[in-house]
Amino acid sequence: MNCLMLTAKNHSIPLSDGNRIPIIGLGTYGDPQTTPKGTARECVKLAIDVGYRHFDGALMYYNEHEVGQAIREKITDGTVRREDIFYCGKLWSTFHPPELVRLALERTLKTLQLDYVDLYIIELPMAFKPGDEFFPKDKNGKCIYHETDLCATWEALEACKDAGLTKSLGVSNFNQRQLELILNKSGLKHRPVSNQVECHPYFTQPKLLEFCRQNDIVVVGYSPLGTSRDASWVNLKCPPLLEDEVLVSIGKKYNKSPAQVALRFNIQRGVVVIPKSFNPQRITKNFQIFDFSLTDDEMKLMEGLNKNIRFVELLMWSDHPEYPFHDDY
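This structure is a prediction, so every number in the text was calculated from the model and none was measured. (Residues numbered from 1 in each chain as written. Predicted model: local features only at pLDDT ≥ 70, side-chain atom pairs only at ≥ 80, totals over all residues. Heavy atoms only, no water.)

## Focus: the side chain of Arg269
The line we're drawing: Helical segments are the DSSP runs of H or I of at least four residues, strand segments are the runs of E of at least two, and each set is numbered from the N terminus. Relative accessibility thresholds used throughout: buried, under 20% of the residue-type maximum; exposed, over 50%; partly exposed, between the two (1.4 Å probe, protein chains only). Positive: Lys, Arg. Negative: Asp, Glu. His and the chain ends are not part of the count. We define a salt bridge as a contact between a side-chain nitrogen of Lys or Arg and a carboxyl oxygen of Asp or Glu at a distance within 4 Å. We call two N or O atoms a polar contact when they sit within 3.5 Å, provided that within protein one can donate a hydrogen and the other can accept it, with sequence-adjacent residues counted only if both atoms are side-chain atoms. Contacts are residue-level and defined by heavy atoms, with any inter-residue pair within 4.5 Å sufficient.
Among the structural elements, Arg269 can be located in the loop between helix H8 (258-268) and strand E10 (272-273). Here Arg269 occupies a buried position and makes no salt bridge, while the nearest side chain of opposite charge, Glu303, is found at 4.5 Å. Polar side-chain contacts of Arg269 include one of 2.7 Å to the backbone oxygen of Thr204. When neighbours within four sequence positions are excluded, Arg269 is seen to be in contact with Cys199, Thr204, Leu209, Arg213, Met299 and Glu303.

The structure is reproduced here in structure tokens:
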């Protein structure tokens, strides 16, 4: 697959199960406390008009009803067909017990008012206590974990794919050991086609990327432009990515922004990018990455920016036995 041949109209790449995934998508996470109602709906509609066909959502983003409404409205007005749209939903950590997996996916489908999702992924390899709370806590404010078997969770996902509720299956925030757990599972029926992880020029993930390539797993990069500076969950020791002099200077050469250069870097490595934005100008600009390409020297220069520092560390869950970031990759 030659990523240099991708265009705004034709930018999907193959998955190992025969399906395809657009190499750029719109991340739809927004803090439900601060994001005005209707924002996700308007931004998804705009994104479809701009040319996006891939939308990354989750039940615990609390806005799947808006994302689904936007998709359905753009289908109704004839802009797209359902098969043109790629939607990724996520299994949250309170739904890992096998008997809850299909219920969670059906809840997402009901919220979206769609018949299927294109990709359904395990959001985290860590399980939390099942129940109505997405973040169950004890009286001391510590998260209440739950012991489950990732392989049993995966088997329940395989049944969802067989039932036609999702086209493809994947994972998120899995390290190599956790991926091998699934890949080496006895009686594996459907392999994970993707692994969604943090990936950007300051955290290039070379070892994990190579492992995934060897196993026909597409890497989907979240926070491809860095992330917000929210001290409650972001590592503020990491300098702002988009102020990096290398990105700025390469951007000047091509009349592109540092953000566009960072996104182009990843898609030329075959990494799917899902920049999140509810800013109409940025949504439009982030998509304008198919009219230039970086030279081999520029790619090497950008690979040299790797600091092996995560923006998203999720340290509040670092005592969980399946916390994925203790390993190098």
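## What about unusual backbone geometry?
A positive phi angle is found at Tyr62, which is not glycine, with a value near 65°. Turning to its location among the elements, Tyr62 is positioned in the loop between strand E4 (54-56) and helix H2 (64-76). Look at Gln113: it is not a glycine, yet its phi comes out positive at around 60°. With respect to the helices, strands and loops of the structure, Gln113 is situated in the loop between helix H3 (98-112) and strand E6 (117-122).

## Description of the nonpolar core
The criterion, for reference: The nonpolar core is taken to be a set of buried Ala, Val, Leu, Ile, Met, Phe, Trp, Tyr and Cys residues, with the residues joined through side-chain atoms within 4.5 Å.
Among the nonpolar cores identified, the biggest contains 103 residues, and Phe55 and Met302 are the most heavily contacted of them. With six residues, H8 is the largest single contributor of residues to this core. If we skip the residues at most four places from it in the chain, Phe55 touches Leu26, Val44, Ala47, Ile48, Ile85, Phe86, Tyr87 and Cys88.

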